[in-house]
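Fold and geometry: a report
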Amino acid sequence: TWAPEFLGVIRAALVGQWDAHMRKLGGETKIPENLFETAELVLGPASSGEAIQELQAMRTSSNAKPFSKIGVLAWRCSLRTPEYPDGRSIVVIANDVTHQAGSFGVVEDVFFQKASQYARERGLPRIHFACNSGARVGLVEELMPKIKVKWTDASNPSRGFDYLYLSKEDLDKTPKGAVIARKVTAPGSSVHFALEAIVGEGLASTAGGIGVENLQGSGLIAGETSRAYTEIFTLSYITGRSVGIGAYLNRLGQRTIQATTGPMILTGFQALNKLLGRDVYTSQDQLGGPQIMVPNGVTHQLVQNDQEGADAILSWLSYVPSDTWSPPPILRAIDPPDRPIGFVPTKQPYDPRHMLAGTSMPDGGRLTGFFDDGSFQESLGGWGRSVVIGRARLGGVPMGVIAVETRNVDRRIPADPGNENGQETVEAQAGQVWFPDSAFKTATAIRDFNHGENLPLMIFANWRGFSGGTRDMYAEVLKFGAMIVDALVEYRHPVFIYIPPNGELRGGSWVVIDPAINPAVMEMYADEEARGGILEPAGIVEVKFREGQRVELMHRLDEQLRKLDNELKKARPDAAKGIQTRIKAREEQLQGIYTQVACEFADLHDRTGRMKAKGVIREGLQWKSSRAFFHWRVRRRLAEERVLREIMKADPKMQRAEAETTLTSWMPKGSEQEGALFLERGAPTEKLKALRRAYVRRQIDALQAELDNPDGNVSQDVEDDRPASGPCFGATRLFSIRGQRSGTSKPHNTQHPKPCGDTAPP
């Protein structure tokens, strides 16, 4: 699809999204006017002082011919979606494959970087439509008809040559700086200008770059894209081949939707065949097609065509906030939050998707899942298959989701055609275990939910541990397990860990998701039928309730053994041997059942009651009603985080712990629902005003004291609350308090300005 035509494809997808939304609501709403508007972004003139300008003339059409004449195009798009019926903005950057095969030259690199920076400065989602041939490569074509060869033996070219050169006449006609040459006096007193380097300065064929300057530009947009991922929502849609830096941009933006016709490659298969000296590869798909990029975790979602791609983009955006400083959009709950959950996880292996989304029964009935019906959207489904991740809604509230595959799965590594002896490798992976790929997948999902999506996170924790065999230790399972901790330490939004019914959380798998990692945002819960501990009962019995101890228990509890023990004490030596044989037989008879008794004893140490008593979980829950509990709990926590930011903005000297204590003192006693509604209705407004007044009064008193004592030291209690940049008071200080990156961009005044309190980063 030609880049500008993507805008029309997005509009068609938006209409389809509204149709589906209206069907859910039973026709209670209608499609708004001005559904989709665009403004093309172009480089601003140097005199304007602005890197990017919006061309307002483009607003009336979503498929007009673009003004830009380069290989990268960009638009600011305004969409009225079911989540944002009043409108939201996104920035679309697209390769124009009709311009030099969509390659990246210097001007394309600069424009790409400026357009991405434009999105970052405004906190807007950045969508990249990728179809390119990588960094532009070329030669100085104007010199090809002019170059001459100094042969070692002019009569025998096979003996080689000494150098390439230009004649004085040709050199004089070449722009200054186009070549670097040295003067050589050749036999016969002729003068050669031997070429030491061809620069191409001032020649038309080098306009836009042909070599290392384009690689420098590639580095520019690589760094920009990596920076953008940490600051805003980034998503790439690979509609056609994406080569070299094009492939790296997709990975650096992390989230990718790949069309079946869009391979991501570092170099073409023909070049690899030439390098190998034989025809090994027959297509680009063997290098970066879906069969490679889906199982290796680069591709999050696979689509068949561009219309499906546009549908997938809008579906993903439905969970994403309007800008990087706002919470995600909450919809009116169509699926009642307080309905019971129909599907119940069992001790036998099951599909965790049924737990999340529900499932149909053979008789045509339906078992509902934890999340709103039809809202769960899986991501990275082909990679790290022992973990399931995605996005869903809980009573209209969007959440990131991580769950555990309880069934055994296979990991397949394809044979490399470049290795004559290569074979496909199939690795079995047990359920409820983290392997290197699924641990990496977990950490990746946590980072994605945190950066730009601002999603509260639900982790259904049902892991028995990490795979620690030789193969997986060599494959860096320890490294990827540690990355889970790193990702949770950085998480800025509420995290809920829930051990589901008949689930268990043990050993290292508990450690890497324990709320002590980031207690400001993390909470753990367990179902009443869940278990948690270091080792499974059978394992701990072997080391802490050994056979000898179990035998002692038999002799204390079993009536027959007690009688035999008494007989043995009174028996003559010649009769003792027979009694000992009977005792041994009885012990062997009871060994199985007493091992079960020992395991039950160990299991009692892993129950929810002990977890709650030891303070490692907040509550024990009942599965059927847990949906309603978490719906109100997540709403309350989101509201609490908002009010905490307002408290620390009202009094910038207040640290988070003190702010939490202050908020707790304001909260009424009652249920999670009552607490959520109290905060959502703005109840603490007057208290916030009072807090602000008290802070200002202290500042005034400190300043007055300084004026009264001009020869004294400057008061340490006085501080400048003016932000270094941006329109909002306290924004810079708030970054320090919340642990944000110091380089995060501040919001500019945009088409949809927000109150000062809403534009401060969370």
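Use the structure listed above.
Residues numbered from 1 in each chain as written. Predicted model: local features only at pLDDT ≥ 70, side-chain atom pairs only at ≥ 80, totals over all residues. Heavy atoms only, no water.

A grouping of Leu43, Val106, Val107, Val110 and Leu220 is seen on the molecular surface, where their side chains present a nonpolar patch of about 320 Å² in accessible area. Per element, the largest residue contribution to the nonpolar patch is three residues, and it comes from helix 2 (residues 106-122). Residue placement: Leu43 occurs in strand 1 (residues 36-43). (Patch = residues over 30% accessible without salt bridge, like charges linked within 9 Å, V, L, I, M, F, W, Y side chains within 5 Å. Areas by Shrake-Rupley, 256 points an atom, 1.4 Å probe, with all protein chains shown as cover. Salt bridge = Lys/Arg side-chain N within 4 Å of Asp/Glu carboxyl O. Helix = DSSP H or I, 4+ residues; strand = E, 2+ residues; numbered from the N terminus.)

Counting buried positions along strand 4 (residues 88-95) yields eight of eight residues, so the element is predominantly enclosed. Burial along strand 4 is two-sided: the face carrying Arg88, Ile90, Val92 and Ala94 and the face carrying Ser89, Val91, Ile93 and Asn95 are both buried. In the sheet, strand 3 (residues 72-79) pairs with strand 4 via eight bridges, with the strands oriented antiparallel. The residue of strand 4 that forms the bridge with Arg76 is Val91. (Buried < 20%, exposed > 50% of the residue type's maximum accessible area, 1.4 Å probe, protein only. Pairing = 2+ DSSP bridges.)

Spatial strand order, 17-18-19-23-25-27-29: seven strands in an open sheet with mixed pairing. The sheet terminates laterally at strand 17 (377-379) and strand 29 (619-621), the two strands that pair on one side only. Looking at each pair of strands side by side, their axes are set apart by 25° on average, direction ignored. In the sheet, strand 18 (residues 387-394) pairs with strand 19 (residues 397-404) via eight bridges, with the strands oriented antiparallel. Bridge pairing in strand 19 links Val388 to Ala403. Together, strand 17, strand 18, strand 19 and strand 23 (457-460) form the strand contacts of helix 11 (residues 436-450), whose direction differs from that of strand 18 by roughly 25°. (Axes fitted to C-alpha atoms, helices over the stretch in contact; angles between N-to-C directions. Contact = heavy atoms within 4.5 Å.)

Judged by nonpolar contacts, the single largest core of 36 residues is most densely connected at Ile402, Trp463, Ile484, Val495 and Ile513. At the level of secondary structure, the elements contributing two or more residues to this core comprise strand 18, strand 19, helix 11, strand 23, helix 13 (477-489), strand 25 (495-499) and strand 27 (522-527). Dropping the residues within four chain positions of it, Val495 is found in contact with Leu457, Ile459, Leu488, Val521, Met522 and Glu523. Within the second largest apolar cluster, 32 residues are counted, among which are Val9, Ile257, Ala310 and Trp316. (Core = buried A, V, L, I, M, F, W, Y, C linked by side-chain atoms within 4.5 Å.)

Another aspect to go through is the side chain of Glu523. Relative to the assigned elements, Glu523 resides in strand 27. On the basis of relative accessibility, which here comes to 8%, the residue Glu523 falls in the buried class. Side chain to side chain, Glu523 and Tyr525 meet in a polar contact 2.7 Å long. At 2.4 Å, the side chain of Glu523 forms a polar contact with the side chain of Arg633. Other than its neighbours up to four places away in sequence, Glu523 contacts Val495, Phe496, Ile497, Pro515, Arg618, Arg633 and Arg637. (Polar contact = N/O pair within 3.5 Å; in protein donor to acceptor, adjacent residues only side chain to side chain.)

What follows is about the pattern of salt bridges. Taken as a whole, this structure holds 51 salt bridges when the rule is applied. Where Arg255 meets Glu453, a salt bridge forms, and the shortest distance between an N and an O atom there is 2.7 Å. One end of the pair, Arg255, is in the loop between helix 5 (245-252) and strand 12 (256-259); the other, Glu453, is in the loop between helix 11 and strand 23, with 198 residues separating them in the sequence. Of the charged contacts in the structure, one is a salt bridge between Glu453 and Arg391, with a shortest N-O distance of 2.7 Å. Residue Glu453 is located in the loop between helix 11 and strand 23, and its partner Arg391 is located in strand 18; the two are separated by 62 residues in the primary sequence. Note on accessibility: Glu453 and Arg391 belong to one class, buried. A network of salt bridges, in which partner residues are shared, links Glu523, Arg633, Arg636, Arg637, Glu640, Glu641, Arg656, Glu660 and Glu672.

Running from amino to carboxyl end, helix 16 (residues 547-557) crosses helix 17 (residues 559-570) at an angle of 90°, the nearest separation of the two axes being 5 Å. Between helix 16 and helix 17, the crossing angle belongs to the class labelled roughly perpendicular. Residue-level contacts link Met554, His555, Arg556 and Leu557 of helix 16 to Glu559, Leu561, Arg562 and Asp565 of helix 17. (Parallel < 35°, antiparallel > 145°, perpendicular 65-115°, else oblique.)

The subject of this paragraph is the pairing of strand 10 (residues 234-238). Burial analysis of strand 10 places five of its five residues in the buried class, which makes it a mostly covered element. Here strand 10 shows two buried faces, one formed by Thr234, Ser236 and Ile238 and the other by Leu235 and Tyr237. As judged from the five bridges shared by strand 5 (residues 126-130) and strand 10, these two strands associate in the parallel manner. Considered in strand 10, the bridge of Ile127 is made with Leu235. In the sheet, strand 10 pairs with strand 12 via three bridges, with the strands oriented parallel. Its bridge partner lying in strand 12, Ile238 is registered against Gln258.

Moving on: helix 17. Here helix 17 spans 17 Å end to end across 12 residues, near enough to the 16 Å set by a 1.5 Å rise per residue. For helix 17, the side-chain oxygen to backbone nitrogen distance between the N-cap and Gln560 is 3.4 Å, and the N-cap itself is Asp558. (Expected span 1.5 Å × (residues − 1).)

Moving on, we get to unusual backbone geometry. Unusually for a residue other than glycine, Asn454 sits at a positive phi of about 55°. Within the secondary structure layout, Asn454 lies in the loop between helix 11 and strand 23. In this model, Asn502 sits at a positive phi of 60°, which is unusual for a non-glycine residue. Relative to the assigned elements, Asn502 resides in the loop between strand 25 and strand 26 (504-506).

On to the packing of aromatic side chains. Scanning the entire structure with this criterion turns up 26 aromatic pairs. Geometrically, the ring pair formed by Phe371 and Phe460 is edge-to-face, given 6.2 Å between the ring centres and 90° between the ring planes. On the criterion of sequence distance, the pair formed by Phe371 in the loop between strand 16 (366-367) and strand 17 and Phe460 in strand 23 is long-range, its members being 89 residues apart. Assessed through its relative accessible area of 0%, Phe371 is described here as buried. Centre to centre, the rings of Trp434 and Phe466 are 4.9 Å apart; their planes meet at 25°, and the pair counts as stacked. Here Trp434, found in strand 22 (residues 433-434), pairs with Phe466, found in strand 24 (residues 465-466); they are 32 residues apart in sequence, far enough to count as distant. With relative accessibility at 26%, the residue Phe466 sits in the partly exposed group. An aromatic cluster is built from Phe370, Phe371, Phe460, Phe496, Tyr498, Tyr525, Trp623, Phe629 and Phe630, whose rings are joined through pairwise contacts. (Phe/Tyr/Trp six-rings, centres within 6.5 Å; stacked < 30°, edge-to-face > 60°.)

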